[in-house]
Amino acid sequence: MEIFGVKIPGDLMIVILAILGILGGIKYLTWRFKMSAFYWIYHTIRKALKEEPLEEMDFKEYRMDDDIQKIDENFDKADFLKTVENVLRQYCKAMSENEHRLLLSFETPNLFQRHKGQIEYNKKAQIKDVHKLQEFLGAKFVQVKMEQNKLVVEARANMFRYKLNKNGSLLSGSQSDLRKLIYQMIFVKQAGQKEVDERVNCPNCGAPHEVHSAGICQYCGTMIVTLKDNWLLDDLKQM
Ligand SMILES: [Zn+2]
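Read on for a plain summary of the structure. Not measured: the values here are computed from a predicted model. Counting restarts for each chain, with residues numbered from 1 along the sequence as it is written. Residues qualify for local features only when their pLDDT is at least 70, as the model is predicted, and side-chain atom pairs are given and counted only at 80 or more; totals for whole chains, interfaces and linings, by contrast, use all residues. For the side-chain quantities, the full set of heavy atoms in the structure was used; hydrogens and water were omitted.

The next point concerns the overall build of the protein. Tallying secondary structure elements over the protein gives four helices and nine strands in all. A helix here means a DSSP run of H or I that spans at least four residues, while a strand means a run of E at least two residues long, and both kinds are numbered starting from the N terminus. Traced from its N-terminal end to its C-terminal end, the protein shows the element sequence β-β-α-α-α-α-β-β-β-β-β-β-β. Each residue's exposure class comes from its accessible area (1.4 Å probe, protein chains only) as a fraction of the maximum for that residue type: buried when under 20%, exposed when over 50%, partly exposed otherwise. Going through the 239 residues of the protein one by one, you find that 33% of them count as buried. In this description, accessible areas are obtained by the Shrake-Rupley approach with a 1.4 Å probe, and a residue is regarded as covered only by the protein chains that are shown. Here the protein displays about 15900 Å² of accessible surface, and carbon together with sulfur accounts for 55% of that area.

All right, on to the environment of Lys70 then. Of note, Lys70 is situated in helix α2 (residues 37-71). The class for Lys70 is exposed, based on a relative accessible area of 57%.

Let us now look at the side chain of Asn98. Among the structural elements, Asn98 can be located in the loop between α3 (77-97) and α4 (109-124). Pairing of N or O atoms within 3.5 Å defines a polar contact, subject to two protein rules: one partner must be a possible hydrogen donor and the other a possible acceptor, and residues neighboring in sequence count only if both atoms are side-chain atoms. In this structure the side chain of Asn98 is engaged in a polar contact, spanning 3.0 Å, whose partner is the backbone oxygen of Ile127. In this analysis, two residues are considered to be in contact whenever any of their non-hydrogen atoms come within 4.5 Å of each other. Beyond its immediate chain neighbours, meaning those up to four positions away, Asn98 contacts Ile119, Asn122, Lys123, Ile127 and Lys128.

Let us look at the coordination of the zinc ion. On the protein side, the zinc ion has Cys202 (SG), Cys205 (SG), Cys217 (SG) and Cys220 (SG) as donor atoms, found 2.3 Å from it. In this listing, donors mean N, O and S atoms no farther than 2.8 Å from the metal, or 3.2 Å for Na, K and Ca; water is missing from the atoms, so a site can look incomplete. Note on geometry labels: four donors, all angles 85 to 135 degrees, give tetrahedral; four donors become square planar and six octahedral when opposite donors are over 155 degrees apart and every other angle is between 65 and 115; remaining cases are irregular. Classification of the site at the zinc ion rests on its four donor atoms, whose angles at the metal span 106 to 114 degrees, yielding the label tetrahedral. If you list the donors of the zinc ion from N- to C-terminus, the spacing comes out as C-x2-C-x11-C-x2-C. Of this pair, Cys202 sits in the loop between β7 (199-201) and β8 (208-210) while Cys217 sits in the loop between β8 and β9 (231-238), placing them 15 residues apart in sequence. For the pair Cys202 and Cys217, one class covers both residues: buried.

For any pair of aromatic rings, the description rests on two quantities: the centre-to-centre distance and the angle between the ring planes. Stacked, tilted and edge-to-face are the three classes assigned to paired rings of Phe, Tyr and Trp, where Trp is represented by its six-membered ring and a pair needs centres within 6.5 Å; plane angles under 30 degrees give stacked, over 60 edge-to-face, the rest tilted. Enumeration over the complete set of coordinates arrives at eight aromatic pairs. Relative to Tyr42, the ring of Tyr39 lies with its centre 6.0 Å away and its plane at 40 degrees, an arrangement referred to as tilted. With Tyr39 and Tyr42 both in helix α2 and three residues apart, the pair spans about one turn of that helix. You can call Tyr39 partly exposed: its relative accessible area is 21%. In textbook terms, an aromatic cluster arises when at least three aromatic residues are bridged by ring pairs, as seen for Phe75, Phe80, Phe141, Phe187 and Trp231.

All right, on to the nonpolar core then. Think of a nonpolar core as a cluster: buried Ala, Val, Leu, Ile, Met, Phe, Trp, Tyr and Cys residues, connected wherever their side-chain atoms sit within 4.5 Å. Phe80, Leu88, Leu151, Met185 and Phe187 are the most contacted members of the largest nonpolar core, which totals 36 residues. For this core, the elements supplying multiple residues, two or more each, are α2, α3, α4, β3 (128-145), β4 (150-164), β6 (179-189) and β9. Considering every element that reaches this core, the biggest residue donor is α3, with eight residues. Sequence-distant contacts of Leu88, that is, excluding residues within four places in its chain, are made with Leu133, Phe136, Ala155, Ala157, Tyr183, Met185 and Leu236.

Turning to unusual backbone geometry, a few remarks are in order. For Asn98, which is not glycine, the phi torsion reads 50 degrees and is therefore positive. Judged by relative accessible area, which is 7%, Asn98 ranks as buried. You will see that Gln126, though not glycine, has its phi angle at about 55 degrees, which is positive. The residue Gln126 is located in the loop between α4 and β3 in this model.

Here's what the structure looks like:
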């Protein structure tokens, strides 16, 4: 046989026609399948299997928001997460500089005593436990403990972690190894509807600072981190 001047042996022509026939057959069967009720069932099941986990996640997220609202009806998620960053930065600063007073404005008395103890120990031993926060990578809510008025938040940051002795020599950790660290932070909303009227003294100059005013000391400019609406940091640990 000759097509466009090219001679094709009869056997090869049969093979080519057979392949074309099979492909055409498959295409026809696929088309028939897509037009049938079986395809509709197959497609529906596939879709359901694919989308189920996603719907479940949305539902969970919704429930968490709902629960937070039950603890604090004025809760502002974005604003709170921004404060979480400031809290972590201030914690790192307090630990690095052995300055426990920086923690007073946002920690519960229990946590403050724990951190104060650690810092006083380091001060006595003339150790600097450096938490150098290089880059804050974000925070998210992971759990709401409604019966305790608690919110569990996970924060991630790239940090350098090391300890220095009084001569500035390295005791442990690394000054060059940037590590991605995860912190679990638990916040608690203090019971009662009373308006917070405490004053916290500026950790730098000692001037009284109102909890509700902006986070900068009006006398010396030191940043003072506070949480709104009776929220306090109750626990912080590296995961
Ligand atoms: Zn001040």
